[in-house]
Amino acid sequence: MAGLNDSPFRLMADFLHQSGKDLEHLMNIPSVLGQDHRAEIGETPFKIVYEEDRIRLKHYTPVGRRRIKTPVLLVYALINRETMLDLQPDRSVIRGLLEGGAEVYMIDWGTPTRKDRFLTIDDHVNGYMDRVVEFIRDRHAIPKVNLMGVCIGGTFSVMYAALYPEKVRNLVTSVSPVQFDTNKGLLHLWMKHFDVDGLIDAYGNIPGDFLNFGFLMLNPARLVIEKYKNFLDNIEDIPFVENFLRMEKWIFDSPDVPAETFRQYVKDCYQENLLIRNRMKLNGKRIDLRRITMPVLNFYGRYDHLVPPEACAPLIEEIGSGDGENVCIDTGHIGIYVSSKAQKEFAPRIVRWLRERDGMEKAKGRKSAGPKR
Amino acid sequence: MREKQTRVRKKKEAVTEDAAQQMMREVGDLWSRFFREQMASFGKAASSDTLESFFTEERKGRLKNHWQNFIREEMARCFQVTPIGPLRQYQEKTIRVIRAFAEWETACTEFCLLLNRPMEASFLDMEGEFLKKGRIGKGDIPSKDLFPLWIDALERRYMDLYRSEEFMTALNKALNAVTSVTKAREGLMEDLIKSLHLPTPHEMDELYREIYLLKKRVETLEGELKRRHGRTQ
């Protein structure tokens, strides 16, 4: 017990004692970490069906009967890796979609090198993404794909759907920022006066380690101190340790971000907020969100400290589709994909929503989607 | 004549030796001042009932100033020689790196001290909690509640700091200093790379840009060709 009459050092000692539970507990660390743990990630079987420069297209082996007509193309962010959507068998968005009867493709953006530093958002959206969509359309002889984007990948998907509405049947976005002029998230605040030119002049591509440091710094109390204290507290719980190691493996596997893409993203989105105002241009073509007339399902996390709800939710107001829906989940930026609670909510909801609009069985009594009046 | 030259050389050596000795003395003094102050504050805090005495802004400011003075004034002074002669540009680049490094060191010290502030403030918050509990007669806080209480306080303090103007200024200063030191270092490295007959990063970037633009042109031409083909068919 700590009380008023304790000296600061006595309190500190008590606190340290409590943090580590006991010395014996801490002594277990080397032996626990020295063991072989099952901490593999991205284990759902897939084949690479398309490759171009650094990018690859993964096609996941279907599971059971197909219940959604059109294949789903997942577009992950350029920060961290797409394996987050398939972290472990019981926490896998990919598995959830496959089991729901979807045919799933996912873009792996690979590891950018110095030669990729001149690639812009245009090269990712009008270039790689469009060629991948063309490939899937040819492969299945279909006019449209279902597009699902995650974080920046979702922002790219919004851009794509606005530029090529004729190629997108349904759009699903999750924790994808579109409204950048908000002071709710720290990133939005910091980026406003960020000297992106100076950083790019010095580094070229933005180093993954630099981004990692920035993300950790956003909340050191939770992401640095509490996280590792929890790890120490549960060091003897092998499933906990394995889950922790999987997450650790994923979170610090950060590829660099191509310099010009980062510059354009910071300037056009964070600093000028052009996207939501329908003023952003890619290769001279203006992105008009009102051209998004297909059904849209937009997810965000109530406690997301990176992309707050205020940055995601306005999308539905701005699109031209009359079938748009916001879904707020009680979790954070990563929890939406990996928390056990969200597993029961996120992928099943997408499957349900897609089946209603694109199911193999004919939808009964559902109003067809059309533009807003 | 030869005797005069020897005298000059001896004088120069003496000057270099004096500068080196002075620098070493400065390092020693700085360390000794730092050590004395830390010991004094440690003793003071250990005999005190409150944490406040350990974390005075004045003490931190003094320490920061000592360090910055040493880096800026003493260390950089050793390299404040006007560059002349055929090797002037190399000398200039070296000086640029050292100055950028000194600025970086200063900006980073300031930034780290700022990042440390919520940590100190959260301990004081905890102390405040104990005092409050004591005043309302509730007495003790169970040990198991200490950590969550402290983490909440720490998180709150960091969020307050991160939204302040002071933090934004320090963050931008630190980032600018990092980019300056990286650029200055690259300038120096380019000379070394050139001397080894290797392509410099700058030259490689030019090449990559050309390849990038050529690929774009090929893509456009391919698209054009496809469209024309489609029309004639």
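Treat the numbers as computed from the prediction; the structure is a model and nothing was measured.

**Some words on the overall build of chain A**
Looking only at helices and strands, one finds 17 helices and twelve strands in chain A. By residue count, 42% of the 373 residues in chain A fall in the buried class.

**With respect to the overall build of chain B**
Scanning chain B for helices and strands turns up six helices and zero strands. Burial analysis of chain B (233 residues in total) assigns 11% to the buried set. The contacts of chain B with a sequence gap of at least 6 include a subset with a gap of at least 24, amounting to 74%.

**Observations concerning the confidence of the model for chain A**
For chain A, per-residue confidence averages 89 on the pLDDT scale, and residues scoring 70 or more make up 90% of the total. Every residue in residues 363–370 of chain A scores below 50 in pLDDT, and together they form eight contacts with partners more than four places removed in sequence or on other chains.

**Structural notes on the nonpolar core**
A general trend in soluble globular proteins is that nonpolar side chains are found buried together. The biggest cluster of nonpolar side chains holds 102 residues, and the ones touching the most others in it are Leu73, Leu74, Leu97 and Val104 of chain A. The next biggest cluster of nonpolar side chains, apart from the first, holds eight residues, and it includes Phe123, Met126, Trp150 and Ala153 of chain B.

**Considerations on the environment of Met84 of chain A**
Residues and elements named next belong to chain A. Take Met84: it is sitting in the loop between β3 (72–75) and β4 (86–88). Expressed as a C-alpha distance, the spacing of Met84 and Val338, which sit 254 residues apart in the sequence, is 7.6 Å. Those residues in contact with Met84 that lie beyond four places of it in its chain are Trp250, Tyr337 and Val338.

**Digging into the environment of Asn183 of chain A**
Residues and elements named next belong to chain A. Positionally, Asn183 belongs in the loop between β8 (168–174) and α7 (186–191). Sequence separation between Asn183 and Thr83 is 100 residues, and the spatial gap between their C-alpha atoms is 30 Å. Not counting the four nearest positions on each side in its chain, Asn183 is found in contact with His188 and Leu189.

**Digging into helix α10 (residues 220–233) of chain A**
Taking 1.5 Å of rise per residue, the 14 residues of α10 of chain A would be expected to cover 20 Å, and the 18 Å separating its terminal C-alpha atoms lies within 8% of that figure. At Glu226 of chain A, α10 of chain A is deflected by roughly 35°, the largest bend along its length.

**Some remarks on the sheet that holds strand β7 (residues 145–150) of chain A**
Residues and elements named next belong to chain A. Strand order in the open sheet formed by eight strands is β1-β2-β6-β3-β7-β8-β11-β12, with mixed pairing between adjacent strands. Looking along the sheet, the strands with just one partner apiece sit at the ends: β1 (46–52) and β12 (324–329). The mean angle between the axes of side-by-side strands here comes to 20°, regardless of whether they run parallel or antiparallel. The pairing of β3 with β7 spans four bridges and is classified as parallel. Paired with Val75 across the bridge in β7 is Gly149.

**Quick look at the pairing of strand β11 (residues 296–301) of chain A**
Residue and element names in this part refer to chain A. Along β11, six of the six residues are buried, which leaves the element largely enclosed by surrounding structure. Residues Val296, Asn298 and Tyr300 point to one face of β11 and Leu297, Phe299 and Gly301 to the other, with burial holding for every one of them. Where β8 and β11 come together, four bridges link them in parallel fashion. Pairing of Ser174 across the sheet is with Phe299, part of β11. With six bridges joining them, β11 and β12 adopt parallel strand pairing. The partner of Tyr300 across the bridge, within β12, is Cys328.

**Focus: unusual backbone geometry**
Residues and elements named next belong to chain A. Although it is not a glycine, Asn80 adopts a positive phi angle of roughly 60°. Structurally, the position occupied by Asn80 is in the loop between β3 and β4. In this structure, Asn283 takes a positive phi of about 50° despite not being glycine. For Asn283, the position within the fold is in the loop between β9 (281–282) and β10 (285–286).

**Examining the confidence of the model for chain B**
All names here are of chain B. Looking at chain B as a whole, the pLDDT averages 79, with 70% of positions reaching at least 70. Within chain B, helix α5 (residues 165–195) carries the highest mean pLDDT (92), whereas helix α1 (residues 2–46) carries the lowest (62). Among the scores for the predicted complex, ipTM is 0.82 and pTM is 0.83.

**Things to note about the packing of helix α5 (residues 121–140) of chain A against helix α6 (residues 152–163) of chain A**
Residues and elements named next belong to chain A. The interhelical angle for the contact between α5 and α6, taken along N-to-C directions, is 80°, at an axis separation of 10 Å. Taken as axis vectors, α5 and α6 run roughly perpendicular relative to one another. Here His124, Val125 and Met129 of α5 come into contact with α6, specifically with Phe156, Met159 and Tyr160. In terms of residue class, the contact of α5 with α6 is made up of five nonpolar, one polar and no charged.

**Description of the environment of Glu272 of chain A**
Here Glu272 of chain A shows up in the loop between α12 (259–271) and β9. With 80 residues separating them along the chain, Glu272 of chain A and Lys192 of chain A place their C-alpha atoms 8.6 Å apart.

Rules of the game
Numbers given to residues run from 1 along each chain, matching the order in which its sequence is written. To read the labels, note that chains go from A and ligands from 1, taken in the order they are written. Under the rules for a predicted model, residues below a pLDDT of 70 receive no local features and side-chain atom pairs below 80 are neither given nor counted, while totals for whole chains, interfaces and linings still include all residues. Secondary structure is summarised from DSSP: a helix means a run of H or I of at least four residues, a strand means a run of E of at least two, and numbering begins at the N terminus for each. Once C-beta atoms are placed from the backbone, each residue is buried if 20 or more other C-beta atoms lie within 10 Å of its own, exposed if 12 or fewer, and partly exposed for counts between those two. For every residue pair, C-beta atoms are placed from the backbone, and the pair is scored as a contact if these atoms sit within 7 Å. The predictor's confidence in any single residue is recorded as pLDDT, a number from 0 to 100. Among buried residues, those of type Ala, Val, Leu, Ile, Met, Phe, Trp, Tyr and Cys that are joined through C-beta atoms within 7 Å form a set called a nonpolar core. A helix is expected to reach a length of 1.5 Å times the quantity of its residues less one. One axis is fitted to the seven residues ending at the residue and one to the seven starting there. The bend at that residue is the angle between these axes. Strand pairing requires that DSSP identify at least two bridges connecting the strands. In this analysis, axes come from line fits to C-alpha atoms, helices being fitted only over the stretch in contact, and the angle between any two N-to-C directions falls in the range 0 to 180 degrees. Note that the term roughly parallel is reserved for angles under 35 degrees, roughly antiparallel for angles over 145, roughly perpendicular for angles of 65 to 115, and oblique for everything else. For this classification, Asp, Glu, Lys and Arg are treated as charged, while Ala, Val, Leu, Ile, Met, Phe, Trp, Tyr, Cys and Pro are nonpolar and the rest, including Gly, are polar.

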